[in-house]
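This is what each chain is made of:
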Amino acid sequence: MADQKEAEADVPKGSLSLGVETVIQPHVDEGKLLRKTDLHVLPVLFAIYVIAFLDRVNISNALTMGLPAELHLTGQQPNVALTIFFVPYIIFEIPSNIMMKRLKPRVWLTICIFCFGLIMLCQGFVQSYHGLLATRFFLGLCEAGIFPGSFYLISFWYKKEEAQKRFTVYWSSTMCASAFGGLLATAIAEMDGIRGLSNWRWVFILEGIASVLFSFVTYFCITDFPKEAAWLSPEERAFVLNKTKNDESSTLPITPRDVLTVLSKPTNWFGALMYFSVLVPLYSLAYFTPTIIQALGYNTVQTQLHSVPPFAAAFGFCIVLAFLSDKFRMRSPFIAFGAALLITGLAILLSVHGKSHFSAEYAGICLAAMGAYSMASTIVCWFVMNLQGHVERSIGTAWMVCFGNAGGIVATFSFLKKDAPYYHTGYSICLGMGSLCVLSCLCYGLLIWREKRAIAANREEGDKVQHILYL
(Lines give C-alpha, C1' and ligand atoms only; values in the text may rest on other atoms or scores of the structure.)
Protein backbone atom coordinates (compact mmCIF):
# COMPACT_ATOMS: atom_id res chain seq x y z
CA MET A 1 0.00 0.00 0.00
CA ALA A 2 2.84 2.35 0.89
CA ASP A 3 4.58 1.49 -2.37
CA GLN A 4 1.42 2.36 -4.30
CA LYS A 5 1.17 5.77 -2.56
CA GLU A 6 4.82 6.49 -3.34
CA ALA A 7 4.23 5.59 -7.00
CA GLU A 8 1.18 7.86 -7.17
CA ALA A 9 3.11 10.69 -5.56
CA ASP A 10 5.65 10.57 -8.37
CA VAL A 11 2.98 11.17 -11.03
CA PRO A 12 1.83 14.77 -11.55
CA LYS A 13 -1.88 15.53 -11.41
CA GLY A 14 -3.64 14.88 -14.72
CA SER A 15 -0.83 12.66 -16.01
CA LEU A 16 -0.47 8.92 -16.15
CA SER A 17 2.04 6.13 -16.00
CA LEU A 18 2.42 3.75 -18.89
CA GLY A 19 4.46 1.15 -17.07
CA VAL A 20 3.12 -2.22 -15.99
CA GLU A 21 1.77 -0.62 -12.81
CA THR A 22 -0.62 2.02 -14.12
CA VAL A 23 -2.13 4.91 -12.26
CA ILE A 24 -5.93 4.85 -12.31
CA GLN A 25 -8.11 7.89 -11.70
CA PRO A 26 -10.75 6.47 -9.32
CA HIS A 27 -13.04 9.49 -9.71
CA VAL A 28 -13.50 8.90 -13.46
CA ASP A 29 -16.63 6.89 -14.31
CA GLU A 30 -15.31 4.59 -17.04
CA GLY A 31 -18.73 3.58 -18.36
CA LYS A 32 -19.92 7.19 -18.58
CA LEU A 33 -16.66 8.25 -20.25
CA LEU A 34 -16.96 5.40 -22.78
CA ARG A 35 -20.47 6.49 -23.72
CA LYS A 36 -19.27 10.09 -23.96
CA THR A 37 -16.41 8.98 -26.23
CA ASP A 38 -18.77 6.99 -28.44
CA LEU A 39 -21.01 10.03 -28.85
CA HIS A 40 -18.15 12.35 -29.81
CA VAL A 41 -16.19 9.95 -32.03
CA LEU A 42 -18.49 7.56 -33.89
CA PRO A 43 -21.70 9.26 -35.16
CA VAL A 44 -20.00 11.96 -37.22
CA LEU A 45 -17.43 9.53 -38.70
CA PHE A 46 -20.25 7.11 -39.51
CA ALA A 47 -22.22 9.84 -41.30
CA ILE A 48 -19.12 10.99 -43.18
CA TYR A 49 -18.41 7.57 -44.61
CA VAL A 50 -22.05 6.92 -45.48
CA ILE A 51 -21.89 10.04 -47.65
CA ALA A 52 -18.42 9.24 -49.00
CA PHE A 53 -19.32 5.67 -49.94
CA LEU A 54 -22.60 6.81 -51.48
CA ASP A 55 -20.67 9.27 -53.64
CA ARG A 56 -18.25 6.49 -54.62
CA VAL A 57 -20.72 3.75 -55.58
CA ASN A 58 -23.75 5.73 -56.74
CA ILE A 59 -22.39 5.33 -60.25
CA SER A 60 -23.49 1.67 -60.03
CA ASN A 61 -27.09 2.90 -59.77
CA ALA A 62 -26.56 5.49 -62.50
CA LEU A 63 -25.29 2.76 -64.84
CA THR A 64 -28.70 1.04 -64.60
CA MET A 65 -30.39 4.31 -65.60
CA GLY A 66 -29.58 6.38 -68.68
CA LEU A 67 -25.91 7.22 -68.09
CA PRO A 68 -24.37 4.70 -70.56
CA ALA A 69 -26.72 5.73 -73.38
CA GLU A 70 -26.47 9.48 -72.81
CA LEU A 71 -22.66 9.51 -72.58
CA HIS A 72 -22.37 6.89 -75.36
CA LEU A 73 -20.41 4.40 -73.25
CA THR A 74 -19.42 1.23 -75.06
CA GLY A 75 -17.50 -1.95 -74.30
CA GLN A 76 -15.46 -1.70 -71.12
CA GLN A 77 -15.78 2.07 -70.74
CA PRO A 78 -18.16 1.77 -67.73
CA ASN A 79 -15.58 -0.48 -66.03
CA VAL A 80 -12.78 1.97 -66.76
CA ALA A 81 -14.87 4.74 -65.20
CA LEU A 82 -15.20 2.63 -62.06
CA THR A 83 -11.52 1.73 -62.02
CA ILE A 84 -9.98 5.18 -62.45
CA PHE A 85 -11.34 6.17 -59.04
CA PHE A 86 -8.89 3.78 -57.37
CA VAL A 87 -5.71 5.11 -58.97
CA PRO A 88 -5.38 8.30 -56.87
CA TYR A 89 -7.26 6.63 -54.01
CA ILE A 90 -4.46 4.09 -53.66
CA ILE A 91 -1.54 6.46 -54.26
CA PHE A 92 -2.56 9.12 -51.75
CA GLU A 93 -3.57 6.94 -48.74
CA ILE A 94 -0.26 7.26 -46.85
CA PRO A 95 0.31 10.97 -47.71
CA SER A 96 -3.23 11.68 -46.54
CA ASN A 97 -2.69 10.13 -43.11
CA ILE A 98 0.53 12.12 -42.77
CA MET A 99 -1.40 15.30 -43.60
CA MET A 100 -4.05 14.42 -41.03
CA LYS A 101 -1.38 14.14 -38.36
CA ARG A 102 -0.06 17.55 -39.38
CA LEU A 103 -3.37 19.44 -39.73
CA LYS A 104 -5.51 17.58 -37.12
CA PRO A 105 -8.43 15.30 -38.03
CA ARG A 106 -11.26 17.85 -37.99
CA VAL A 107 -9.40 20.17 -40.38
CA TRP A 108 -8.15 17.58 -42.85
CA LEU A 109 -11.30 15.45 -42.99
CA THR A 110 -13.49 18.54 -43.45
CA ILE A 111 -11.38 19.64 -46.42
CA CYS A 112 -11.71 16.16 -47.95
CA ILE A 113 -15.50 16.09 -47.52
CA PHE A 114 -16.03 19.53 -49.05
CA CYS A 115 -13.84 18.70 -52.06
CA PHE A 116 -15.38 15.33 -52.88
CA GLY A 117 -18.87 16.81 -52.50
CA LEU A 118 -18.03 19.58 -54.95
CA ILE A 119 -16.62 17.10 -57.46
CA MET A 120 -19.67 14.86 -57.13
CA LEU A 121 -21.87 17.89 -57.89
CA CYS A 122 -19.79 18.58 -61.01
CA GLN A 123 -20.15 14.94 -62.07
CA GLY A 124 -23.87 15.56 -62.50
CA PHE A 125 -23.11 17.93 -65.38
CA VAL A 126 -20.54 15.92 -67.37
CA GLN A 127 -21.24 15.72 -71.10
CA SER A 128 -18.79 13.05 -72.22
CA TYR A 129 -16.96 9.88 -71.26
CA HIS A 130 -13.73 11.85 -70.70
CA GLY A 131 -15.53 14.26 -68.38
CA LEU A 132 -16.78 11.29 -66.37
CA LEU A 133 -13.24 9.91 -66.12
CA ALA A 134 -11.91 13.27 -64.90
CA THR A 135 -14.51 13.62 -62.13
CA ARG A 136 -14.04 10.00 -61.03
CA PHE A 137 -10.27 10.53 -60.83
CA PHE A 138 -10.54 13.64 -58.64
CA LEU A 139 -13.25 11.99 -56.55
CA GLY A 140 -10.77 9.21 -55.71
CA LEU A 141 -8.13 11.79 -54.86
CA CYS A 142 -10.37 13.63 -52.40
CA GLU A 143 -11.80 10.48 -50.80
CA ALA A 144 -8.35 8.95 -50.20
CA GLY A 145 -8.09 10.36 -46.68
CA ILE A 146 -11.52 9.48 -45.30
CA PHE A 147 -11.38 5.73 -44.69
CA PRO A 148 -7.82 5.19 -43.37
CA GLY A 149 -7.94 8.48 -41.47
CA SER A 150 -11.12 7.52 -39.65
CA PHE A 151 -9.85 4.08 -38.64
CA TYR A 152 -6.57 5.65 -37.55
CA LEU A 153 -8.46 8.13 -35.37
CA ILE A 154 -10.85 5.56 -33.86
CA SER A 155 -7.98 3.24 -32.90
CA PHE A 156 -6.60 5.81 -30.41
CA TRP A 157 -9.81 6.08 -28.40
CA TYR A 158 -10.48 2.47 -27.41
CA LYS A 159 -8.94 -0.58 -25.79
CA LYS A 160 -8.61 -3.69 -27.93
CA GLU A 161 -11.58 -5.39 -26.25
CA GLU A 162 -13.71 -2.32 -27.01
CA ALA A 163 -12.50 -1.81 -30.56
CA GLN A 164 -14.25 -4.42 -32.74
CA LYS A 165 -17.76 -3.14 -31.96
CA ARG A 166 -16.70 0.44 -32.76
CA PHE A 167 -14.80 -0.54 -35.89
CA THR A 168 -17.82 -2.53 -37.07
CA VAL A 169 -20.23 0.32 -36.36
CA TYR A 170 -18.04 2.55 -38.51
CA TRP A 171 -17.55 -0.12 -41.16
CA SER A 172 -21.30 -0.75 -41.29
CA SER A 173 -21.62 2.70 -42.83
CA THR A 174 -20.59 1.03 -46.12
CA MET A 175 -23.52 -1.38 -45.87
CA CYS A 176 -25.93 1.38 -44.92
CA ALA A 177 -24.68 3.43 -47.86
CA SER A 178 -25.13 0.49 -50.25
CA ALA A 179 -28.64 -0.23 -48.95
CA PHE A 180 -29.68 3.41 -48.69
CA GLY A 181 -28.19 4.10 -52.11
CA GLY A 182 -30.62 1.63 -53.63
CA LEU A 183 -33.60 3.25 -51.91
CA LEU A 184 -32.41 6.74 -52.79
CA ALA A 185 -31.86 5.77 -56.40
CA THR A 186 -35.38 4.32 -56.50
CA ALA A 187 -36.80 7.71 -55.52
CA ILE A 188 -34.48 9.72 -57.77
CA ALA A 189 -35.31 7.49 -60.75
CA GLU A 190 -38.72 9.19 -60.77
CA MET A 191 -37.05 12.61 -61.29
CA ASP A 192 -36.18 11.89 -64.90
CA GLY A 193 -36.68 15.03 -67.01
CA ILE A 194 -37.07 17.51 -64.13
CA ARG A 195 -35.49 20.83 -65.22
CA GLY A 196 -34.37 19.06 -68.37
CA LEU A 197 -31.97 16.74 -66.54
CA SER A 198 -31.88 12.93 -66.65
CA ASN A 199 -32.50 10.99 -63.44
CA TRP A 200 -28.90 9.73 -63.28
CA ARG A 201 -27.67 13.34 -63.19
CA TRP A 202 -29.92 14.05 -60.23
CA VAL A 203 -28.28 11.14 -58.37
CA PHE A 204 -24.92 12.92 -58.55
CA ILE A 205 -26.24 16.46 -58.09
CA LEU A 206 -28.35 15.83 -54.98
CA GLU A 207 -25.73 13.69 -53.25
CA GLY A 208 -23.03 16.24 -54.12
CA ILE A 209 -25.04 19.11 -52.61
CA ALA A 210 -25.66 17.06 -49.45
CA SER A 211 -21.91 16.35 -49.11
CA VAL A 212 -20.93 20.02 -49.49
CA LEU A 213 -23.50 21.17 -46.92
CA PHE A 214 -22.49 18.44 -44.47
CA SER A 215 -18.83 19.49 -44.65
CA PHE A 216 -19.70 22.74 -42.84
CA VAL A 217 -21.10 20.71 -39.96
CA THR A 218 -18.21 18.27 -39.68
CA TYR A 219 -15.61 20.90 -38.79
CA PHE A 220 -17.37 21.47 -35.47
CA CYS A 221 -18.25 17.81 -34.84
CA ILE A 222 -15.13 15.77 -35.66
CA THR A 223 -12.98 15.10 -32.61
CA ASP A 224 -9.19 15.24 -32.57
CA PHE A 225 -6.83 12.73 -30.95
CA PRO A 226 -7.20 12.22 -27.17
CA LYS A 227 -4.26 14.50 -26.33
CA GLU A 228 -5.86 17.42 -28.19
CA ALA A 229 -9.59 16.77 -27.66
CA ALA A 230 -11.09 19.87 -26.03
CA TRP A 231 -14.16 18.07 -24.65
CA LEU A 232 -12.10 15.93 -22.24
CA SER A 233 -11.25 17.09 -18.75
CA PRO A 234 -7.60 16.61 -17.67
CA GLU A 235 -8.61 13.58 -15.59
CA GLU A 236 -10.58 12.05 -18.45
CA ARG A 237 -7.73 12.65 -20.89
CA ALA A 238 -5.30 10.94 -18.55
CA PHE A 239 -7.71 8.03 -18.13
CA VAL A 240 -8.16 7.52 -21.89
CA LEU A 241 -4.43 7.70 -22.58
CA ASN A 242 -3.77 5.30 -19.74
CA LYS A 243 -6.31 2.67 -20.76
CA THR A 244 -5.31 2.73 -24.44
CA LYS A 245 -1.56 2.99 -23.71
CA ASN A 246 -1.30 5.66 -26.41
CA ASP A 247 0.66 8.47 -24.78
CA GLU A 248 2.74 9.19 -27.88
CA SER A 249 2.30 12.69 -29.28
CA SER A 250 0.34 12.89 -32.55
CA THR A 251 2.62 15.74 -33.65
CA LEU A 252 5.71 13.54 -33.98
CA PRO A 253 6.96 13.79 -37.58
CA ILE A 254 6.96 10.76 -39.87
CA THR A 255 10.15 10.17 -41.82
CA PRO A 256 10.85 8.02 -44.90
CA ARG A 257 12.80 5.72 -42.58
CA ASP A 258 9.62 5.17 -40.53
CA VAL A 259 7.74 4.18 -43.68
CA LEU A 260 10.46 1.70 -44.71
CA THR A 261 10.55 0.23 -41.19
CA VAL A 262 6.80 -0.42 -41.21
CA LEU A 263 6.87 -1.87 -44.72
CA SER A 264 9.76 -4.19 -43.84
CA LYS A 265 7.60 -6.24 -41.46
CA PRO A 266 6.03 -9.41 -42.96
CA THR A 267 2.92 -9.00 -40.77
CA ASN A 268 2.14 -5.72 -42.51
CA TRP A 269 2.34 -7.35 -45.93
CA PHE A 270 0.05 -10.20 -44.94
CA GLY A 271 -2.32 -7.70 -43.31
CA ALA A 272 -2.51 -5.76 -46.58
CA LEU A 273 -2.97 -8.99 -48.56
CA MET A 274 -5.87 -10.02 -46.29
CA TYR A 275 -7.60 -6.74 -46.97
CA PHE A 276 -6.86 -6.79 -50.71
CA SER A 277 -8.30 -10.26 -51.21
CA VAL A 278 -11.51 -9.61 -49.25
CA LEU A 279 -12.14 -6.30 -51.01
CA VAL A 280 -12.40 -7.96 -54.42
CA PRO A 281 -15.69 -9.75 -53.59
CA LEU A 282 -16.83 -6.86 -51.40
CA TYR A 283 -16.42 -4.21 -54.11
CA SER A 284 -17.88 -6.61 -56.67
CA LEU A 285 -21.04 -6.81 -54.60
CA ALA A 286 -21.10 -3.07 -53.88
CA TYR A 287 -20.71 -2.11 -57.53
CA PHE A 288 -22.47 -4.91 -59.39
CA THR A 289 -25.36 -6.14 -57.23
CA PRO A 290 -27.78 -3.84 -59.13
CA THR A 291 -26.33 -5.02 -62.45
CA ILE A 292 -26.57 -8.71 -61.46
CA ILE A 293 -30.19 -8.28 -60.36
CA GLN A 294 -31.12 -6.29 -63.47
CA ALA A 295 -29.73 -9.10 -65.64
CA LEU A 296 -32.47 -11.32 -64.22
CA GLY A 297 -35.04 -9.20 -66.07
CA TYR A 298 -36.12 -6.59 -63.49
CA ASN A 299 -36.88 -2.97 -64.34
CA THR A 300 -34.98 -0.03 -62.82
CA VAL A 301 -37.18 0.45 -59.75
CA GLN A 302 -37.37 -3.29 -58.95
CA THR A 303 -33.60 -3.56 -59.39
CA GLN A 304 -32.89 -0.77 -56.90
CA LEU A 305 -35.33 -2.20 -54.33
CA HIS A 306 -33.92 -5.73 -54.60
CA SER A 307 -30.39 -4.37 -54.05
CA VAL A 308 -31.24 -3.32 -50.47
CA PRO A 309 -31.84 -6.57 -48.45
CA PRO A 310 -28.39 -8.19 -48.99
CA PHE A 311 -26.67 -5.20 -47.39
CA ALA A 312 -29.25 -4.99 -44.60
CA ALA A 313 -28.57 -8.66 -43.79
CA ALA A 314 -24.82 -8.01 -43.84
CA PHE A 315 -25.26 -5.10 -41.44
CA GLY A 316 -27.11 -7.17 -38.81
CA PHE A 317 -24.66 -10.06 -39.12
CA CYS A 318 -21.61 -7.79 -38.71
CA ILE A 319 -23.00 -6.23 -35.53
CA VAL A 320 -23.63 -9.64 -33.94
CA LEU A 321 -20.14 -10.90 -34.84
CA ALA A 322 -18.54 -7.71 -33.51
CA PHE A 323 -20.09 -8.16 -30.06
CA LEU A 324 -19.00 -11.81 -29.95
CA SER A 325 -15.48 -10.95 -31.12
CA ASP A 326 -15.00 -8.37 -28.36
CA LYS A 327 -16.58 -10.67 -25.78
CA PHE A 328 -14.18 -13.52 -26.51
CA ARG A 329 -11.26 -11.17 -27.38
CA MET A 330 -10.50 -13.06 -30.58
CA ARG A 331 -10.68 -12.14 -34.26
CA SER A 332 -9.56 -15.10 -36.41
CA PRO A 333 -12.44 -17.54 -35.59
CA PHE A 334 -15.00 -14.95 -36.67
CA ILE A 335 -13.09 -14.23 -39.86
CA ALA A 336 -13.18 -17.97 -40.59
CA PHE A 337 -16.97 -18.05 -40.06
CA GLY A 338 -17.41 -15.10 -42.43
CA ALA A 339 -15.18 -16.82 -45.00
CA ALA A 340 -17.41 -19.91 -44.87
CA LEU A 341 -20.47 -17.79 -45.67
CA LEU A 342 -18.66 -15.92 -48.46
CA ILE A 343 -17.44 -19.06 -50.18
CA THR A 344 -20.84 -20.77 -49.80
CA GLY A 345 -22.64 -17.78 -51.29
CA LEU A 346 -20.24 -17.51 -54.22
CA ALA A 347 -20.49 -21.25 -54.89
CA ILE A 348 -24.29 -20.88 -55.14
CA LEU A 349 -23.97 -17.91 -57.50
CA LEU A 350 -21.49 -19.82 -59.65
CA SER A 351 -23.67 -22.91 -60.02
CA VAL A 352 -27.30 -21.65 -59.92
CA HIS A 353 -28.61 -19.33 -62.64
CA GLY A 354 -31.75 -18.00 -64.24
CA LYS A 355 -34.85 -16.13 -63.16
CA SER A 356 -36.55 -19.41 -62.23
CA HIS A 357 -33.86 -19.89 -59.56
CA PHE A 358 -33.95 -16.29 -58.37
CA SER A 359 -34.56 -17.23 -54.71
CA ALA A 360 -31.44 -19.41 -54.56
CA GLU A 361 -29.35 -16.86 -56.43
CA TYR A 362 -30.61 -14.06 -54.22
CA ALA A 363 -29.77 -16.13 -51.12
CA GLY A 364 -26.27 -16.54 -52.54
CA ILE A 365 -25.92 -12.76 -52.88
CA CYS A 366 -27.04 -12.31 -49.25
CA LEU A 367 -24.63 -14.96 -47.94
CA ALA A 368 -21.74 -13.52 -49.95
CA ALA A 369 -22.48 -10.01 -48.69
CA MET A 370 -22.72 -11.19 -45.06
CA GLY A 371 -19.42 -13.04 -45.39
CA ALA A 372 -17.46 -10.34 -47.24
CA TYR A 373 -18.53 -7.41 -45.07
CA SER A 374 -18.08 -9.27 -41.76
CA MET A 375 -14.63 -10.48 -42.79
CA ALA A 376 -13.52 -7.04 -43.92
CA SER A 377 -14.57 -5.23 -40.74
CA THR A 378 -12.91 -7.85 -38.52
CA ILE A 379 -9.73 -7.89 -40.60
CA VAL A 380 -9.39 -4.11 -40.35
CA CYS A 381 -9.80 -4.13 -36.56
CA TRP A 382 -7.49 -7.14 -36.15
CA PHE A 383 -4.70 -5.52 -38.14
CA VAL A 384 -5.01 -1.89 -36.99
CA MET A 385 -5.30 -2.66 -33.27
CA ASN A 386 -2.23 -4.90 -33.44
CA LEU A 387 -0.20 -1.89 -34.61
CA GLN A 388 1.52 0.19 -31.94
CA GLY A 389 1.83 3.98 -31.59
CA HIS A 390 0.98 6.96 -33.78
CA VAL A 391 3.73 6.42 -36.34
CA GLU A 392 3.13 2.70 -36.94
CA ARG A 393 -0.65 3.10 -36.98
CA SER A 394 -0.55 6.10 -39.27
CA ILE A 395 1.61 4.34 -41.84
CA GLY A 396 0.24 0.82 -41.29
CA THR A 397 -3.43 1.79 -41.55
CA ALA A 398 -2.86 3.79 -44.72
CA TRP A 399 -0.71 0.99 -46.16
CA MET A 400 -3.39 -1.62 -45.53
CA VAL A 401 -6.11 0.52 -47.15
CA CYS A 402 -3.76 1.61 -49.96
CA PHE A 403 -2.71 -1.93 -50.94
CA GLY A 404 -6.12 -3.40 -50.21
CA ASN A 405 -8.03 -1.01 -52.43
CA ALA A 406 -6.14 -2.32 -55.42
CA GLY A 407 -8.77 -5.02 -55.03
CA GLY A 408 -11.25 -2.44 -56.20
CA ILE A 409 -9.46 -2.32 -59.56
CA VAL A 410 -9.71 -6.11 -59.90
CA ALA A 411 -13.40 -5.99 -58.93
CA THR A 412 -14.36 -3.38 -61.50
CA PHE A 413 -13.16 -5.61 -64.34
CA SER A 414 -14.53 -8.86 -62.91
CA PHE A 415 -18.14 -8.41 -64.01
CA LEU A 416 -18.14 -7.46 -67.69
CA LYS A 417 -21.25 -6.90 -69.78
CA LYS A 418 -20.24 -9.68 -72.18
CA ASP A 419 -20.40 -12.20 -69.30
CA ALA A 420 -24.03 -11.37 -68.42
CA PRO A 421 -26.24 -12.86 -67.13
CA TYR A 422 -24.21 -15.70 -65.56
CA TYR A 423 -20.94 -13.87 -64.81
CA HIS A 424 -18.90 -17.06 -64.43
CA THR A 425 -15.62 -15.13 -64.65
CA GLY A 426 -16.61 -12.62 -61.94
CA TYR A 427 -17.81 -15.23 -59.48
CA SER A 428 -14.72 -17.39 -60.10
CA ILE A 429 -12.41 -14.43 -59.42
CA CYS A 430 -14.28 -13.62 -56.20
CA LEU A 431 -14.11 -17.27 -55.10
CA GLY A 432 -10.37 -17.36 -55.75
CA MET A 433 -9.84 -14.11 -53.83
CA GLY A 434 -11.90 -15.46 -50.92
CA SER A 435 -9.61 -18.49 -50.77
CA LEU A 436 -6.53 -16.25 -50.93
CA CYS A 437 -7.93 -14.23 -48.04
CA VAL A 438 -8.24 -17.38 -45.92
CA LEU A 439 -4.63 -18.32 -46.69
CA SER A 440 -3.26 -14.85 -45.92
CA CYS A 441 -5.24 -14.75 -42.66
CA LEU A 442 -3.65 -18.04 -41.63
CA CYS A 443 -0.16 -16.68 -42.38
CA TYR A 444 -0.84 -13.43 -40.52
CA GLY A 445 -2.28 -15.31 -37.55
CA LEU A 446 0.78 -17.57 -37.41
CA LEU A 447 3.12 -14.55 -37.33
CA ILE A 448 1.06 -12.91 -34.58
CA TRP A 449 1.09 -16.17 -32.59
CA ARG A 450 4.90 -16.30 -32.83
CA GLU A 451 5.12 -12.66 -31.77
CA LYS A 452 2.84 -13.31 -28.80
CA ARG A 453 5.11 -16.17 -27.70
CA ALA A 454 8.16 -13.90 -27.92
CA ILE A 455 6.39 -11.22 -25.85
CA ALA A 456 5.42 -13.81 -23.23
CA ALA A 457 9.02 -15.01 -23.04
CA ASN A 458 10.30 -11.45 -22.58
CA ARG A 459 7.73 -10.82 -19.85
CA GLU A 460 8.95 -13.89 -17.97
CA GLU A 461 12.47 -12.45 -18.12
CA GLY A 462 11.30 -9.27 -16.42
CA ASP A 463 10.67 -6.95 -19.39
CA LYS A 464 7.76 -4.54 -18.97
CA VAL A 465 5.82 -5.34 -22.12
CA GLN A 466 2.71 -3.28 -22.81
CA HIS A 467 1.62 -4.34 -26.27
CA ILE A 468 -1.17 -6.94 -26.28
CA LEU A 469 -1.78 -8.81 -29.53
CA TYR A 470 -5.05 -10.50 -30.53
CA LEU A 471 -5.36 -13.68 -32.51
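Scroll up a little and you will see the structure.
Residues numbered from 1 in each chain as written. Predicted model: local features only at pLDDT ≥ 70, side-chain atom pairs only at ≥ 80, totals over all residues. Heavy atoms only, no water.

Asks: Help me understand the state of the cysteines in this model?
Replies: Counted according to the given criterion, the structure contains zero disulfides. Cysteine Cys366 remains unbridged, with the sulfur of Cys318 as its closest cysteine sulfur at 13 Å. A residue is classified by how much of its surface remains accessible, and Cys366, at 15% relative accessible area, is buried. (Disulfide = S-S within 2.5 Å. Buried < 20%, exposed > 50% of the residue type's maximum accessible area, 1.4 Å probe, protein only.)

Asks: When you look at the nonpolar core in this model, what are you seeing that I'm missing?
Replies: One broad trend across soluble globular proteins is that nonpolar side chains are buried collectively. If you look at the biggest cluster of nonpolar residues, it comprises 136 residues, and the most contacted ones within it are Ile146, Trp171 and Tyr373. Non-local contacts of Tyr373, meaning those with residues more than four positions away in its chain, are made with Trp171, Thr174, Met175, Ser178, Leu282, Ala286, Phe311, Ala314 and Cys318. Ile254, Val262, Val391 and Ile395 belong to the second largest nonpolar core, which has five residues in total. (Core = buried A, V, L, I, M, F, W, Y, C linked by side-chain atoms within 4.5 Å. Contact = heavy atoms within 4.5 Å.)

Asks: Just checking my understanding: could you explain the pattern of salt bridges for this structure?
Replies: Think of it this way: side chains of opposite charge can pair up when their charged atoms draw near. All told, the structure shown has 14 salt bridges when counted by the stated rule. The partner of Glu161 in a salt bridge is Lys159, with the nearest N and O atoms 3.7 Å apart. Looking at Glu161, the relative accessible area reads 22%, which means it is partly exposed. Judged by its relative accessible area of 21%, Lys159 is partly exposed. For the salt bridge of Glu162 with Lys159, the shortest nitrogen-to-oxygen distance reads 4.0 Å. Through salt bridges with shared partners, a single ionic network connects Glu30, Lys159, Glu161, Glu162, Lys243 and Arg329. (Salt bridge = Lys/Arg side-chain N within 4 Å of Asp/Glu carboxyl O.)

Asks: What is the right way to read the environment of Ser374 from this model?
Replies: Note on placement: Ser374 falls in helix α18 (residues 358–385). Sequence spacing of Ser374 and Ser172 is 202 residues, and the spatial spacing of their C-alpha atoms is 9.1 Å. Leave out the neighbours within four places in its chain, and Ser374 touches Phe317, Cys318, Leu321 and Gly338. Engagement of the side chain of Ser374 in a polar contact is seen with the backbone oxygen of Met370, the distance being 2.8 Å. A distance of 3.1 Å separates a polar atom in the side chain of Ser374 from the backbone oxygen of Gly371. (Helix = DSSP H or I, 4+ residues; strand = E, 2+ residues; numbered from the N terminus. Polar contact = N/O pair within 3.5 Å; in protein donor to acceptor, adjacent residues only side chain to side chain.)

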